[in-house]
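Spelled out from the first residue to the last, the chains are:
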Amino acid sequence: MSIPAKVHRRGAELREAIDRHNYFYHVLDAPEIPDAEYDRLLRELESLEQEFPALITPDSPTQRVGAEPVSRFGVVRHHLPMLSLANAFSDSEIVDFDRRARTRLGDIDEIDYTAEPKLDGTAISLLYENGKLVRGATRGNGEAGEDVTHNVRTIASAPLVLRGSDVPRRLEVRGEVYMPKAGFEAFNERARQRGEKLFVNPRNAAAGSLRQLDPRLTASRPLEVFFYGIGELEGTAHPERQGAVLENLRKWGLRVSPLMRTVRGASGCLEYYRDTALVRHELPYEIDGVVYKVDSTEYQRRLGQVSRAPRWAIAHKFPAQEELTIVRGVEFQVGRTGALTPVARLEPAFVGGVTVSNATLHNMDELRRKDVRIGDTVVIRRAGDVIPEIVNVLPERRPKKTRPVKLPSRCPICGADVVRAEGEAVARCSGGLSCPAQRKESIRHFASRRAMDIEGLGSKLINQLVEAGHVRTPGDIYKLTHEQLTTLERMGEKSADKLLAAIAQSRKTTLARFLYALGISEVGESTATSLATHFRVLDAIMEADEAALQAVPDIGPVVARHVRAFFQQPHNQEVIQALLAAGIHWPTPAPKPKGTPLTEKTFALTGTLESMTRQEAKARIREAGGRVTESVSAKTDFVVCGEDPGSKRDKAGRLGVQILDEAALAAMLAPQNGKHKSA
Ligand code: D41
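Residues numbered from 1 in each chain as written. Predicted model: local features only at pLDDT ≥ 70, side-chain atom pairs only at ≥ 80, totals over all residues. Heavy atoms only, no water.

## Some thoughts on the sheet that holds strand β22 (residues 627–628)
Pairing is parallel across the open sheet formed by four strands, whose spatial order is β22-β21-β23-β24. The sheet terminates laterally at β22 and β24 (658–661), the two strands that pair on one side only. Here strand β21 (residues 602–606) pairs with strand β23 (residues 638–641) via four bridges, running parallel. Residue A604 lies in a different strand from β23, and its bridge partner there is V639. Packed onto the sheet, helix α24 (residues 662–669) meets β21, β23 and β24 and runs at close to 90 degrees relative to β24. (Pairing = 2+ DSSP bridges. Helix = DSSP H or I, 4+ residues; strand = E, 2+ residues; numbered from the N terminus. Contact = heavy atoms within 4.5 Å. Axes fitted to C-alpha atoms, helices over the stretch in contact; angles between N-to-C directions.)

Here it is as structure tokens:
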């Protein structure tokens, strides 16, 4: 059969594109396109080749699996190949997978599976001889990988020596090396400040870090590892269940996911999938799905493998979090402090399980760095509840004659001059509260749940109230009348009554909430709480100079300057007087408890707690006189570890900071220990 010229061209195009993306991904650790797009290209080529077999060339990317190891490192041949995992994207594919396995095993009723998160990192093989780590290798193409022993040795959670007296003579373990989300953010932030290359996601950061030529560089990257299986094993019997394999690994001191469970049948798998999807974004690391493995190793042996994937395991993937789309326009939004945020209007794309049509570009520096232009094809990412963002532009798909996006010289809302302070990334509208956008945003913040908590006073209503001229400053909220409200669109008698009741109720508040509600730059909830506990009365805060403010724990010169500047502004003083005159009040905070076990102690929290949320834990520690920080340093007194702790625990270990479990924290917080003596 002759191949139509069009098909021939497309085939060549696809081969070239796939080869190039393979190179970006495997050699440079900097993919340009999302995995979903790569998979589409590969599938398109596969189906073309299926229809026109003459199109297949020996060097077609469909004819090999994975990338060849790059020769910078020694090559390691895997004695047992490192298999790949088949993927499933829907419940029905899992039901089919389970049914096929049961049929193959002779129509058995039910199969037990181990289920575990699928870490989004890079696969690794570690070889232990007589309990000593002798070699680490990447997966490579499954048959041979790269020798990265020198780098693996720098990963704290990869033990150099196995624990226990019954360690096998020879053990080859397999696992996934990953970079926790927080470590990835911090790493990229530092790279950005130094003008160095950023990694597009934690997976490439992990793969790239593992393949550094200088192990000191790898050591400086926050890498961690979870182990999920064994390859070679000598000197110990191979357990009969996958679950037991993992227990052995744990016993030998190898880190196994605490989220691993044994489940029954396809329904057990699907339940695990849904449970994991719910907690996914609270985990300190990225996962892109879950993996099910037939628990019985006897069954595994009988099921065998097809091409390079076992028939006894499957990855059930979450919806892709990255997709390609086109930028239709860039607009500027004005926030509470006047900051102009560039927002890209996008061709709607389905990503992370929802349709996305806007993505933030954060600020002008970010816009410049990514050089996003109208008409560009871009990779967008939506992870959990975070605002969708543009990851990168595909330069080869840029249309001709595009121009960089310019910062407007006037505020798009009020027309006031836009100013950008020297060295600052943020450009601001100079209109202050005469700018309707700033008014709306500052009122929205004032009424929000964690501030004055006025239920029912949301963005839409605030827009109407500001536009109707009923509300200019927060104090005006307390002067709203039933009549003013009922003349608004979609506002009935009942809703108006309800809103007025909510407004009335918000008069009784706390000093910390009130301070936070004022929307002082750099004063978040935690700083507001520190200010309230330290000064106890509003007047003292309003009068405090920068030195007095800096005496508050966690307040540095920058925050002190912002607080001082805020209270010195006559306009802000008027707003506060109006609010107090409207009847806003709060109990004077109790003096800071002295002499509890927590007094003057600094805590950091990591992992998921069982009996309380992290917010609650923080609040209770503060109430009891302790301090809470977001990061661990040598000044930290305690790190509280919940389920699945992040890198903070490892850091605590390195710094010798005392680690508390949830029970120990609860004991410290228990009333009989907290002698609440007044000062
Ligand atoms: O967390 C993972 N990324 C993960 C990867 C996992 N939990 N289990 C895995 N199990 C396997 C088999 C069943 C083939 C031993 C895997 C992988 N493989 C895997 N990782 C990279 C390629 C294959």
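Next, the rest of the story.
## Focus on the packing of helix α12 (residues 436–447) against helix α13 (residues 459–467)
Taken N-terminus to C-terminus, the directions of α12 and α13 make an angle of 135 degrees; their axes are 10 Å apart at the nearest point. Put simply, α12 runs oblique to α13. The way α12 lies across α13 gives a crossing that is right-handed. Where α12 abuts α13, its residues P436, R439, K440, I443 and R444 lie against S459, I462, N463, V466 and E467. Residue composition of the contact of α12 with α13, by class: four nonpolar, two polar and four charged. (Parallel < 35°, antiparallel > 145°, perpendicular 65-115°, else oblique. Left-handed = near helix turned anticlockwise from the far one by under 90°. Nonpolar A, V, L, I, M, F, W, Y, C, P; charged D, E, K, R; others polar.)

## Quick notes on the nonpolar core
In terms of nonpolar packing, the biggest core is built from 52 residues, with I454 and F567 touching the most fellow members. Listing elements by their share of this core, those giving two or more residues are α12, α13, α15 (493–505), α16 (511–517), α17 (525–535), α18 (538–543), α20 (557–568) and α21 (570–581). Beyond its immediate sequence surroundings of up to four residues, I454 is in contact with A447, I477, Y478, L499, A502, I503 and S506. Grouped together as the second largest cluster of nonpolar side chains are 31 residues, L162, A206, I230 and W252 included. (Core = buried A, V, L, I, M, F, W, Y, C linked by side-chain atoms within 4.5 Å. Buried < 20%, exposed > 50% of the residue type's maximum accessible area, 1.4 Å probe, protein only.)

## Details of empty space enclosed by the protein
This model, assessed by the stated rule, comprises one cavity of 30 Å³ or more. Empty space within the largest cavity amounts to approximately 60 Å³. Around the largest cavity, the lining is made up of 13 residues, and of these P31, I33, V200, N201 and E322 lie nearest the centre. Taken together, the residues of the lining of the largest cavity sort by class into six nonpolar, three polar and four charged. (1 Å grid on protein atoms, 1.4 Å probe; cavity = no way out; pocket = protein on both sides within 12 Å on 5 of 7 lines; lining within 4 Å. Points joined across faces, edges and corners; volume = space filled by probe spheres on them.)

## Focus: the side chain of T218
Tracing the chain through its elements places T218 in helix α7 (residues 215–219). Looking at T218, its side chain comes within polar contact range of the side chain of N151, at 3.0 Å. What T218 contacts, discounting residues up to four positions off in sequence, is N151, T154, S209, L210, Q212 and L223. (Polar contact = N/O pair within 3.5 Å; in protein donor to acceptor, adjacent residues only side chain to side chain.)

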